[in-house]
There are 2 protein chains.
Amino acid sequence: MFNKLCIIGVGLIGGSIAKAARQQGLAKTIVGFGRAQDEENLRTAQQLGVIDGYSLDLATAVAQADCVLIATPVGSVQAIFKQLHPLWSAETLYTDVGSTKVSVIAAAQTVFGYVPSNFIPAHPIAGAERSGVEASVDDLFMDKRLIITPVADTDAQGVLKITAFWQAMGAIVSEMEAHHHDTVLAATSHLPHLLAFALVDLLGRKDEQVDIFKYAAGGFKDFTRIASSDPTMWLDISLANKQAIIPLLAQLRAELEKVERLLAEEQTEALFAIFSHAKKARQRFLECHNTLAEKASLL
Amino acid sequence: MFNKLCIIGVGLIGGSIAKAARQQGLAKTIVGFGRAQDEENLRTAQQLGVIDGYSLDLATAVAQADCVLIATPVGSVQAIFKQLHPLWSAETLYTDVGSTKVSVIAAAQTVFGYVPSNFIPAHPIAGAERSGVEASVDDLFMDKRLIITPVADTDAQGVLKITAFWQAMGAIVSEMEAHHHDTVLAATSHLPHLLAFALVDLLGRKDEQVDIFKYAAGGFKDFTRIASSDPTMWLDISLANKQAIIPLLAQLRAELEKVERLLAEEQTEALFAIFSHAKKARQRFLECHNTLAEKASLL
């Protein structure tokens, strides 16, 4: 599919793309780019055979690449666009994997004065609490969703090519408007992460924390798993999507205030309605996912 | 250990105790008790061989039992004590499995005017989203914690016997003061459940809920698993422990308000401190549990 794929930022996501692309024969050569402080990681990636080589010089790394994929934290994307600006080629397809899309598109707009038509904004909904190239795997995107958020000027052929690239790695690709993407992801991913961080931070500051952690069961372990995620990455995502996250935090606080009041007043029917509505809503969510898993297994 | 064990309420927990006790040879005969509307469930339990028999008459069910175990929802315990009162025997050991302990002890105090010394309040920290005797398994308590919350008058020999009973079923038994138990469980179990119910209720009422559920990933599935718990049981537990839960809900709302404000003001250092403190606290929790699992595997 590509002669030379250049991956900017070879961490868990970038490394997993390299492994999956190699396994599926999607690129003849895969090179990495990083900053001076990333050299050890890039050397590891090369030693592990994840990438064929790397350069700390962006011009060298992207030279003759027919696809440049930005897999750095969303907070760094604008700086990457600035470095890419003088090197930008109409012959090359550019894409990214940022968890927020409005901020990435805005960064392109700021740097170029417009959103280049050969930049295809994309987001694979996959990840793990672990990070770094050592944690990368070749099936991270198998049966996972990938969302492309084109703007009006985005090249349709480029969208098709990036769609085919991700489908070849096992992803289920959809298109969506960037604002809608950010609203949906704020609800399903960003809010739960902030909630898990807030809860574990609160409990970890309590005097009884030793007993709290000692007597917690499996439910607590699952519920708080995402509080083990990388703080730097989540700081980045939270700031990049704060417009969508802040109203949700306010709505959740209002919902918790309601639960607290109903409990204090022992309003059993209203509380039961909330609990059973939630149970039913989660059932719909599971059905939605079972269908997805079934569809995936039929492909 | 017991000649006749009478289990009041043969659901997931009561049924799993019956299965584990039978497998370990802890009771010669196991009988169930329930209300008229529970008869189909009791008949199923007998057909499955979980219990040897059952009675809808409490006097018949508990006659000659050397252990009576109450495994009904905590909200029903006071009514059970009332029915047991005229049948109470000094020769019998009574115990329960309620998720809240202050309310159970208060129910005994209300019915008897004192807490009978042969009532041993206990709580196995085990469970599942599923319920009913069909979901019961013989290893539900293996390597799980069980907390006994004796009062000043509780018979020490009775505590030893109930300890041995649970240890034989694989549980790791500790003793704790009832108020401390309720404070700790409010933090590790009750608050996370209310939080999961509130979050999924909120998202399930949004216009974008179809997309929210469609594009949610594994983290959301784990985070919301406990929102699939039984609403009736959790209404019961929430009301029984509202004294401990309400202050925690208020503290969590304050913490979320802080996160919201820090995000709005882009106070990156303070946000990073919350996220990384949470990550470290969860690491301590995991280490605590790994040690427990290691200990359990060494036993």
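Residues numbered from 1 in each chain as written. Chains lettered and ligands numbered in written order. Predicted model: local features only at pLDDT ≥ 70, side-chain atom pairs only at ≥ 80, totals over all residues. Heavy atoms only, no water.

## What to know about the overall build of chain A
Phase 1 of the analysis: A count of helices and strands for chain A gives 12 helices and nine strands.
Phase 2 of the analysis: Here the C-alpha radius of gyration of chain A, 21 Å, is about what a compact globule of 299 residues would show, namely 19 Å.
Phase 3 of the analysis: Each principal axis of the C-alpha distribution contributes one length, and for chain A these read about 70 × 40 × 40 Å.
Phase 4 of the analysis: For chain A, buried positions account for 56% of its 299 residues.
Phase 5 of the analysis: Considering only intrachain contacts with a sequence separation of at least 6, the fraction spanning at least 24 residues in chain A is 75%.
Phase 6 of the analysis: Accessible area of chain A: about 12100 Å², with a carbon and sulfur share of 51%.
Phase 7 of the analysis: Seen as two clouds, the 26 positive and the 33 negative side-chain charges of chain A have centres 2 Å apart. (Helix = DSSP H or I, 4+ residues; strand = E, 2+ residues; numbered from the N terminus. Rg over C-alpha atoms; globule rule 2.2 N^0.38 Å. Buried < 20%, exposed > 50% of the residue type's maximum accessible area, 1.4 Å probe, protein only. Contact = heavy atoms within 4.5 Å. Areas by Shrake-Rupley, 256 points an atom, 1.4 Å probe, with all protein chains shown as cover. Lys, Arg positive; Asp, Glu negative; His and termini not counted. Charge placed at Lys NZ, Arg CZ, Asp CG, Glu CD.)

## Structural notes on the domain arrangement of chain A
A common way to report how large an interface is uses the accessible area buried once the components associate.
Residues and elements named next belong to chain A.
Phase 1 of the analysis: According to the domain assignment, chain A consists of domain 1 (2-176) and domain 2 (181-265).
Phase 2 of the analysis: When each unit is reduced to the centre of its C-alpha atoms, the spacing between domain 1 and domain 2 is 30 Å.
Phase 3 of the analysis: Between domain 1 and domain 2 lies a buried interface of about 1100 Å² when both sides are counted; carbon and sulfur atoms form 63% of it.
Phase 4 of the analysis: Where domain 1 touches domain 2, the interface holds five residue pairs in polar contact (both at pLDDT 80 or more).
Phase 5 of the analysis: When grouped by side-chain class, the residues that make up the side of domain 1 that touches domain 2 number six nonpolar, seven polar and two charged. (Domains from an automatic or database assignment. Buried area = accessible area lost by both parts, 1.4 Å probe. Polar contact = N/O pair within 3.5 Å; in protein donor to acceptor, adjacent residues only side chain to side chain. Nonpolar A, V, L, I, M, F, W, Y, C, P; charged D, E, K, R; others polar.)

## Focus: the sheet that holds strand 9 (residues 172-175) of chain B
The strands making up a sheet are joined through hydrogen bonds of the backbone, oriented either antiparallel or parallel.
All names here are of chain B.
Phase 1 of the analysis: Strand order in this open sheet of three strands is 7-8-9, and the pairing throughout is mixed. Either end of the sheet is taken by a strand with one partner, and the two such strands are strand 7 (122-124) and strand 9. If you compare each strand with its neighbour and ignore which way they point, the axes differ by 20° on average. (Pairing = 2+ DSSP bridges. Axes fitted to C-alpha atoms, helices over the stretch in contact; angles between N-to-C directions.)

## What to know about the side chain of Ser228 of chain A
Phase 1 of the analysis: Relative to the assigned elements, Ser228 of chain A resides in the loop between helix 9 (218-223) and helix 10 (231-240).
Phase 2 of the analysis: A polar contact of 2.8 Å, which involves the side chain of Ser228 of chain A, links it to the side chain of Arg282 of chain B.

## A closer look at the side chain of Asp182 of chain B
All names here are of chain B.
Phase 1 of the analysis: Mapped onto the fold, Asp182 is located in helix 7 (residues 178-204).
Phase 2 of the analysis: Buried Asp182, no salt bridge; nearest opposite-charge side chain is Lys101, N-O distance 7.1 Å.
Phase 3 of the analysis: In terms of polar contacts, Asp182 uses its side chain to reach the backbone amide nitrogen of Val102, at 3.0 Å.
Phase 4 of the analysis: Not counting chain neighbours up to four residues away, the residues in contact with Asp182 comprise Thr100, Lys101, Val102, Ser103, Asn241 and Ala244. (Salt bridge = Lys/Arg side-chain N within 4 Å of Asp/Glu carboxyl O.)

## A few points about the interface of chain A and chain B
Phase 1 of the analysis: The partner chain B presents 85 residues to the 85 residues of chain A that form the contact.
Phase 2 of the analysis: Here chain A and chain B share an interface that buries about 8700 Å² over both sides, 70% of which is from carbon and sulfur atoms.
Phase 3 of the analysis: Taken as a group, Tyr215, Phe223 and Arg282 of chain A account for 9% of the area that chain A buries against chain B, more than any other trio of residues on that side.
Phase 4 of the analysis: For the pair chain A and chain B, the number of links is nine salt bridges.
Phase 5 of the analysis: Residue Arg205 of chain A is joined to Glu255 of chain B by a salt bridge in which the shortest nitrogen-to-oxygen separation is 2.5 Å.
Phase 6 of the analysis: In this structure, the connection of chain A to chain B is made through 32 residue pairs in polar contact (both at pLDDT 80 or more).
Phase 7 of the analysis: Mapped onto the side of chain A that touches chain B, the elements with two or more residues apiece are strand 8 (145-148), helix 7 (178-204), helix 8 (209-214), helix 9, helix 10, helix 11 (242-264) and helix 12 (268-298) of chain A.
Phase 8 of the analysis: Of the residues forming the side of chain A that touches chain B, the biggest block, 18 residues, is contributed by helix 7 of chain A.

## Some thoughts on unusual backbone geometry
Phase 1 of the analysis: Of note in the backbone geometry, Gln64 of chain A takes a positive phi value of approximately 60° without being a glycine.
Phase 2 of the analysis: On the basis of relative accessibility, which here comes to 73%, the residue Gln64 of chain A falls in the exposed class.
Phase 3 of the analysis: Positive phi, normally seen in glycine, also occurs at Asp143 of chain B, with a value near 65°.
Phase 4 of the analysis: Residue position: Asp143 of chain B is located in the loop between strand 7 and strand 8 (145-148).

## Thoughts on the pairing of strand 4 (residues 67-70) of chain A
Looking down a regular strand, the side chains alternate between one sheet face and the other.
Residues and elements named next belong to chain A.
Phase 1 of the analysis: Here strand 4 shows a buried face lined by Cys67 and Leu69 and a second buried face lined by Val68 and Ile70.
Phase 2 of the analysis: Where strand 1 (residues 2-8) meets strand 4, four bridges bridge the pair, whose relative direction is parallel. Residue pairing in the sheet places Leu5 in a bridge with Cys67 of strand 4.
Phase 3 of the analysis: Tracing the backbone out of strand 4, into helix 4 (residues 77-84) and back to the parallel element strand 5 (residues 93-96) gives a crossover that is right-handed. (Right-handed = clockwise from strand over helix to strand, strands pointing away.)

## Some thoughts on the pattern of salt bridges
Phase 1 of the analysis: On inspection of all chains with the given rule, the structure shows 21 salt bridges over all chains.
Phase 2 of the analysis: The salt bridge involving Arg225 of chain A is made with Asp222 of chain B; its shortest N-O contact spans 2.8 Å. Of this pair, Arg225 of chain A sits in the loop between helix 9 and helix 10 while Asp222 of chain B sits in helix 9 (residues 218-223), on two different chains.
Phase 3 of the analysis: Under the relative-accessibility criterion, Asp222 of chain B is labelled partly exposed at 23%.
Phase 4 of the analysis: Between Glu265 of chain A and Arg261 of chain A there is a salt bridge, with the nearest N and O atoms lying 3.8 Å from each other.

## Description of the relation of the copies chain A and chain B
Phase 1 of the analysis: Aligned on chain B, chain A shows an RMSD of 0.0 Å; the corresponding rotation is 180° and the shift along the axis is 0.0 Å. The two molecules are tied by a two-fold rotation axis, judged by turn and shift. When C-alpha positions in chain A are compared against the rotation axis, the closest is assigned to Phe223 of chain A, at 2.1 Å.
Phase 2 of the analysis: The fraction of interface residues of chain A whose copies in chain B are also interface residues reaches 100%, indicating that both copies meet through the same surface. (Least-squares fit on C-alpha atoms with pLDDT ≥ 70 in both.)

## Regarding the state of the cysteines
Phase 1 of the analysis: Going through the model one piece at a time under the given rule, you end up with zero disulfides over all chains.
Phase 2 of the analysis: There is no disulfide at Cys6 of chain A, and the cysteine sulfur nearest it, in Cys67 of chain A, is 9.0 Å away. (Disulfide = S-S within 2.5 Å.)

## Describing helix 7 of chain A
Residue and element names in this part refer to chain A.
Phase 1 of the analysis: An ideal rise of 1.5 Å per residue puts 39 Å on 27 residues; helix 7 measures up with 36 Å between its terminal C-alpha atoms.
Phase 2 of the analysis: Along helix 7, the helix axis deviates most sharply at Ala186, where the bend reaches about 50°.
Phase 3 of the analysis: Here helix 7 lies mainly inside the structure; 24 of its 27 residues are buried.
Phase 4 of the analysis: Its side-chain oxygen placed 3.1 Å from the backbone nitrogen of His179, Glu177 serves as the N-cap of helix 7. (Expected span 1.5 Å × (residues − 1). Bend = angle between axes of the 7 residues up to and from the residue.)

## A word on the sheet that holds strand 1 of chain A
Residues and elements named next belong to chain A.
Phase 1 of the analysis: What the six strands build is an open sheet, ordered 3-2-1-4-5-6; its pairing is parallel. Both outer strands of the open sheet, strand 3 (53-55) and strand 6 (119-120), are each paired with one neighbouring strand and no more.
Phase 2 of the analysis: Sheet topology places strand 4 next to strand 5; four bridges connect them, and they run parallel. When the sheet's bridge partners are listed, Val68 is paired in strand 5 with Tyr94.

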